[in-house]
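Structural overview for review
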Amino acid sequence: MQENLAQLPDHASMSETLLAQTPMRFYDARFEAAPLFAESDVKPGLLRHIMGKLTPAWNVSVGSSSLRVPIFVALGRYDYTVPYVLWDGIVDALPNATLQIFEQSGHQAFFEEPDLFAESLSKWMASARSRGSRRTR
């Protein structure tokens, strides 16, 4: 990542900076992420608002006792943008939450381990559906 950041031009765009940070976001630190984001429309103002105003005060477990739906929390072991350890204790505080850590993923487990992700999510959905149908009887 240091090499990537060192190669950035002065006043690099947000897109260039995010791509340089690929090693923080993918299991394979040398993954070529540019094609994934080639058609993306980056909104720096929105990102600044979310990260600067909303996220610092956000606590997902506040008011969680009122949550009625099951929650699937999918995290990559090699995500250094939102490390899985930040969720320690949070999943336990959420009713009906299931945690799945993907061992060969960074920030996008759905992309890096698509088969395992789909299988895990499908099993979770079937389990949540069966629990829900038992409650309504």
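Rules of the game
- Residues numbered from 1 in each chain as written.
- Predicted model: local features only at pLDDT ≥ 70, side-chain atom pairs only at ≥ 80, totals over all residues.
- Heavy atoms only, no water.
- Phe/Tyr/Trp six-rings, centres within 6.5 Å; stacked < 30°, edge-to-face > 60°.
- Helix = DSSP H or I, 4+ residues; strand = E, 2+ residues; numbered from the N terminus.
- Buried < 20%, exposed > 50% of the residue type's maximum accessible area, 1.4 Å probe, protein only.
- Lys, Arg positive; Asp, Glu negative; His and termini not counted.
- Salt bridge = Lys/Arg side-chain N within 4 Å of Asp/Glu carboxyl O.
- Contact = heavy atoms within 4.5 Å.

On to the packing of aromatic side chains, then. Note on aromatic pairs: each is described by the distance of the centres and the angle between the planes. All chains considered together, the criterion is met by eight aromatic pairs. Seen in terms of ring centroids, Tyr-27 and Tyr-78 are 5.1 Å apart; in terms of plane orientation they differ by 65°. Their pairing is edge-to-face. Taken together, the residues span a long stretch of sequence, with Tyr-27 in the loop between α3 (22-25) and α4 (34-37) and Tyr-78 in the loop between β1 (71-76) and α6 (90-93) at a distance of 51 residues. Linked through ring pairs, Phe-72, Phe-102, Phe-110, Phe-117 and Trp-124 together constitute an aromatic cluster.

What follows concerns the side chain of Arg-25. Mapped onto the elements, Arg-25 comes out in helix α3. Although Arg-25 is buried, it forms no salt bridge, and the closest oppositely charged side chain is Asp-79 at an N-O distance of 6.8 Å. Discounting chain neighbours no more than four positions away, the residues touching Arg-25 are Leu-18, Thr-81, Gly-106, His-107, Gln-108 and Glu-112.

This structure, assessed with the given rule, holds three salt bridges. Glu-103 serves as the salt-bridge partner of Arg-77, at 2.5 Å between the closest nitrogen and oxygen. Of this pair, Arg-77 sits in the loop between β1 and α6 while Glu-103 sits in the loop between β2 (97-102) and α7 (109-112), and the two are 26 residues apart along the sequence. Given a relative accessible area of 26%, Arg-77 falls into the partly exposed group. Take Glu-103: its relative accessible area is 40%, and that puts it in the partly exposed class.

Purely geometric numbers; function is a separate question.
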